[in-house]
Amino acid sequence: MSRHQLGDELERRGISRRDFLGFCASMAAVLGLPDTATNAIAAAVENEARPILIWLEFQDCAGNTESFLRATHPTVADLILDSISLNYHETLMAAAGSQAESVRQRTVRDNVGKYIAVVEGSIPDGADGGYCTIGGRSALDIAREVCGGAAATIAVGTCAAFGGIPAAAPNPTGALSVADAVPGVKNLINMSACPANAENITALIVYYMTLKQWPPLDQYRRPLFAYGKTIHDNCERRAHFDAGQFVEAWGDEAHRHGQCLYKMGCKGPATSQNCPVVKWNEGTNWPIGCGHPCLGCAEPNFWDTMTPFYQRLPEVVGFNVGKWIDPVGLSLVGLAAAAAAFHGIGEVARHHLGKTRPIEDKAGSEK
Amino acid sequence: MTLKRVYVWELPVRLTHWLLFFSILTLSATGYYIGHPFISVPSPAKDHFVMGTMRAVHLYAAIVFTLAVLARLYWLFAGNRYARFSEFIPLSLWRLRSLWRTFLYYSFIRHDPDDYPGHNALAALSYAGIFMIYLVMIATGLALYTVIASASSPFQVFDFLVPLFNGLQMARLIHHIGMWIVLIFVVAHIYFVFLSSIIEHIGTFDSIFSGYKFVPEKEAERS
Ligand code: HEM
Ligand code: HEM
Ligand code: SF4
Ligand code: SF4
């Protein structure tokens, strides 16, 4: 897309140059790049060859698609959609049936090693992949074909990144993450969260267009710019946490005053994402901002290890260990003390029955 | 029966014991608060730092604790025979017999205690167990610490521990359960120390301060 064309396009949609640069500056901010990167980003978005995207949906709720379509900055979503070529996207494309399938196959064939695969949803390997089939082929098959030939694969949402809700115990369909379903997949980037934040997906693509490389990742292959800090570290309620001011019940005084949700089960201390900074819905607000604890949606196994959501410590396969550990622990310590006391009584009895070594022996040692 | 004075606990054993004692008390008190913040303070937030202080003290105590555990582990290889590795694992025949004897003694079936100058075999086994728990506490603690430390902190090398425990929340739960196991051990341990001091009167209680025990001559020579 030439500069001229993009300019026209922006104008046609009522986006001023100023708004566009504002968008580029906000992308630089999300990416943690200096202000000076704004121009490079603008140039890249305007002039660079559009990356070709194939967006696959498997065991998902289309939440990431929804999130992406409603990307922040009104109509800048469209802009990004226009500056990438979304060749295949089941929810968005007009084509259907075998027509759609052939578009995907053609794109893969003609652009081997050049396109970007985006995967939304987990991939089941139960029943030989039969739990999720599209056009008669299993998700497993399609994922291996499409991701196998991609320059990079972006797993959007926790289901694609880590298995997510479909993979929660007992994982009836054998749901897998992209990393597990497509072993050896090249340049995998996990954009976990439920759903992935559109701002972050957009920023990732902008990063790639600008710098021609993928950003540094954490150990779960998530970009550090979005997952480098915990929710807790950037939380606006953190001062209340450090002070020791906690919500004890929904709607109590502390809750009305916006104090810390730690005791209501907030998983912010165990969850890495930039929600407090980027927020949701065009920066309107975010869960903790409106009084709800973080659910830990961006972490591996979140459904299994972050639940119960309104309790701080987790359940373990049906046993609510987190809830009972303190009363049980305290009782066991008490029990140990009681057992010791009883044993002590036994010892005293034994001593009085003359069964033990007489005290005088100690004196013998001091000779 | 004559008792002989034997030097059993060298300085590193005694020193690490008491460092561990004080750090564990501190870690348990602050850890319990972190897990279960029972003190709530009035507004404004800027005037208080209760949780912040608890966490800071927990982390400083954790440094003392970890270094003491490492020192004690080193002394498993460098210490005298009573401090060594082999003391803690009842593999030899006489140690197994001592284990059994101690058990019978505590069960009121036998009436003469095992007078071995070092840890009796049953106590030693419980210490081996508690050393394992120490390592679990350190590993889960370090896993939890990776998200507290800055991204450029050298402590990030421990981030591989997080998936090992199936995520931070499971690490947290294990860490929390570990505290109760340690505290149950502590109650039993202190009871048995006093028991053995009062009933066996071989100077067990004093030994962890002075290093010396008083044991029957024939036992002192046992190896
Ligand atoms: C016997 C020794 C220890 C005990 C009894 C203990 C106890 C605890 C407890 C009960 C918690 C609260 C867990 C929860 O969230 O429910 C905790 C948190 C924590 N402990 Fe320990 N701990 C011990 C040793 C350590 C060590 C050695 C380290 C570091 C290497 C450590 C680092 C931490 C960290 C980082 C947290 C999380 C603090 C937070 O989330 O703000 N602990 N500890
Ligand atoms: C947090 C509390 C405590 C813990 C975790 C603890 C742990 C231990 C451990 C692991 C040992 C083995 C020493 C080694 O070989 O390095 C030991 C020995 C010993 N501890 Fe403690 N201890 C605690 C509190 C106490 C207290 C309060 C006393 C004194 C009243 C005490 C008295 C002793 C004695 C006398 C020994 C040597 C016992 C023997 O002959 O086997 N401990 N303790
Ligand atoms: S609300 Fe949650 S993330 Fe925010 S400070 Fe409290 S515990 Fe941390
Ligand atoms: S606040 Fe927590 S649960 Fe909510 S979107 Fe962010 S990471 Fe997910």
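Residues numbered from 1 in each chain as written. Chains lettered and ligands numbered in written order. Predicted model: local features only at pLDDT ≥ 70, side-chain atom pairs only at ≥ 80, totals over all residues. Heavy atoms only, no water.

Some points on the overall build of chain A
Within chain A, the regular secondary structure consists of 18 helices and nine strands. In terms of overall dimensions, chain A has a C-alpha envelope of 105 × 50 × 45 Å along the principal axes. Here chain A holds 367 residues, and 54% of them are scored as buried. Put simply, 71% of the contacts in chain A that link residues at least 6 apart link residues at least 24 apart. In the structure as shown, chain A presents an accessible area of about 15900 Å², 56% of it carried by carbon and sulfur atoms. (Helix = DSSP H or I, 4+ residues; strand = E, 2+ residues; numbered from the N terminus. Buried < 20%, exposed > 50% of the residue type's maximum accessible area, 1.4 Å probe, protein only. Contact = heavy atoms within 4.5 Å. Areas by Shrake-Rupley, 256 points an atom, 1.4 Å probe, with all protein chains shown as cover.)

Focus on the interface of chain A and chain B
Every contact between the two is made by 55 residues of chain A and, on the other side, 54 residues of chain B. Interface area, chain A with chain B, both sides summed: about 4700 Å², of which 61% is carbon and sulfur. Taken together, chain A and chain B are joined by zero salt bridges. Across the chain A-chain B interface, the total number found is 23 residue pairs in polar contact (both at pLDDT 80 or more). Considering each element in turn, the side of chain A that touches chain B owes the most residues, 16 residues, to helix α17 (residues 321–352) of chain A. Looking at the side of chain A that touches chain B, its residues break down into 22 nonpolar, 16 polar and 17 charged. (Buried area = accessible area lost by both parts, 1.4 Å probe. Salt bridge = Lys/Arg side-chain N within 4 Å of Asp/Glu carboxyl O. Polar contact = N/O pair within 3.5 Å; in protein donor to acceptor, adjacent residues only side chain to side chain. Nonpolar A, V, L, I, M, F, W, Y, C, P; charged D, E, K, R; others polar.)

Some thoughts on the domain arrangement of chain A
Residues and elements named next belong to chain A. In terms of domains, chain A is made up of domain 1 (6–226), domain 2 (229–323) and domain 3 (326–365). Here the C-alpha centroids of domain 1 and domain 2 sit 27 Å apart. Every contact between the two is made by 24 residues of domain 1 and, on the other side, 15 residues of domain 2. Regarding the contact of domain 1 and domain 2, the summed buried area is about 1500 Å², with carbon and sulfur atoms giving 58% of it. Connecting domain 1 to domain 2 are one salt bridge. We note a salt bridge from R222 to E299, for which the minimum N-O separation is 3.0 Å. Counting every contact that joins domain 1 to domain 2 gives eight residue pairs in polar contact (both at pLDDT 80 or more). (Domains from an automatic or database assignment.)

Examining the coordination of the iron atom of ligand 1
Residues and elements named next belong to chain B. The coordination sphere of the iron atom of ligand 1 contains the protein donors H58 (NE2) and H175 (NE2), at a distance range of 2.0 Å. In this structure, the iron atom of ligand 1 is coordinated by six donor atoms arranged in octahedral fashion, with angles at the metal of 85 to 178°. Taken as a pair, H58 in helix α2 (residues 50–78) and H175 in helix α6 (residues 168–200) lie far apart in primary sequence, 117 residues in all. What makes H58 buried here is its relative accessible area of 14%. For H175, a relative accessible area of 17% corresponds to the buried category. (Donors = N, O, S within 2.8 Å, 3.2 Å for Na, K, Ca; no water. Tetrahedral: all angles 85-135°; square planar, octahedral: opposite > 155°, others 65-115°.)

Side note on the site of ligand 4
In the region of ligand 4, the neighbouring residues are I231(A), T271(A), Q273(A), C275(A), W280(A), P287(A), C294(A), L295(A), G296(A) and C297(A). Its residues placed into classes, the shell around ligand 4 shows seven nonpolar, three polar and no charged. (Near = heavy atom within 4 Å.)

Focus: unusual backbone geometry
Among all residues save glycine, negative phi is the norm, and among peptide bonds the norm is trans. Note the cis peptide between T307(A) and P308(A), where omega equals -5°. The linkage connecting S43(B) with the following residue, P44(B), adopts the cis geometry, with an omega of -5°. Note that P44(B) resides in the loop between α1 (11–35) and α2. The phi torsion at K212(A) lies on the positive side, around 55°, for a residue other than glycine. Relative to the helices and strands, K212(A) resides in the loop between α10 (198–211) and α11 (224–227).

A word on the environment of V13(B)
Residues and elements named next belong to chain B. Tracing the backbone shows V13 in helix α1. Taking C-alpha positions, V13 is 10.0 Å from F209, a pair spaced 196 residues apart along the chain. Contacts of V13, omitting those with residues within four sequence positions, involve R72, W75 and A83.

Observations regarding the nonpolar core
Of all hydrophobic cores here, the largest spans 107 residues; its most connected members are F58(A), I123(A) and F65(B). Of the residues forming this core, the biggest block, 14 residues, is contributed by helix α4 (residues 121–146) of chain B. Taken domain by domain, this core gets at least three of its residues from each of domain 1 (6–226) and domain 2 (229–323) of chain A. Discounting chain neighbours no more than four positions away, the residues touching F65(B) are L20(B), S23(B), I24(B), L27(B), Y134(B), M137(B) and I138(B). (Core = buried A, V, L, I, M, F, W, Y, C linked by side-chain atoms within 4.5 Å.)

As for the packing of aromatic side chains
Enumeration according to the criterion identifies 31 aromatic pairs over all chains in this entry. Summarising the aromatic geometry, the rings of W303(A) and F309(A) are spaced 5.3 Å apart at their centres and angled 85° between planes, so their arrangement reads as edge-to-face. Among the residues examined, F309(A) registers a relative accessible area of 17% and is labelled buried. Judged by centre distance (5.1 Å) and plane angle (85°), the ring pair of W18(B) and F21(B) falls under edge-to-face. With a gap of three residues between them, W18(B) and F21(B) both fall in helix α1, about one helical turn apart. Residue classification places F21(B) among the partly exposed positions, given a relative accessible area of 28%. Three or more aromatic residues joined by ring pairs make a cluster, and in this case those are W18(B), F21(B), F22(B), F194(B), F205(B) and F209(B). (Phe/Tyr/Trp six-rings, centres within 6.5 Å; stacked < 30°, edge-to-face > 60°.)

Let's talk about the site of ligand 2
All names here are of chain B. Lining the immediate environment of ligand 2, one finds 23 residues, of which H17, R72, H119, H189 and K213 sit closest. Separating a nitrogen atom of ligand 2 from a side-chain N or O atom of H17 is a distance of 2.7 Å. One of the side-chain nitrogen or oxygen atoms of H189 is found 2.7 Å away from a nitrogen atom of ligand 2. Only α1, α4, α6 and α7 (204–210) provide two or more residues apiece to the shell around ligand 2. It is α6 that provides the largest number of residues to the shell around ligand 2, a total of six residues.

Overview of the pairing of strand β1 (residues 52–57) of chain A
Look at any regular strand and the pattern is simple: side chains alternate between the two faces of the sheet. All names here are of chain A. Among the six residues of β1, five are classified as buried, and the element is accordingly described as predominantly covered. Both β1 and strand β2 (residues 85–89) contribute to a ladder of four bridges, which runs parallel. Looking at the pairing, I54 lines up with Y88 of β2. Here β1 runs beside strand β3 (residues 116–120); their pairing, made up of five bridges, is parallel. Pairing of E57 across the sheet is with E120, part of β3. (Pairing = 2+ DSSP bridges.)

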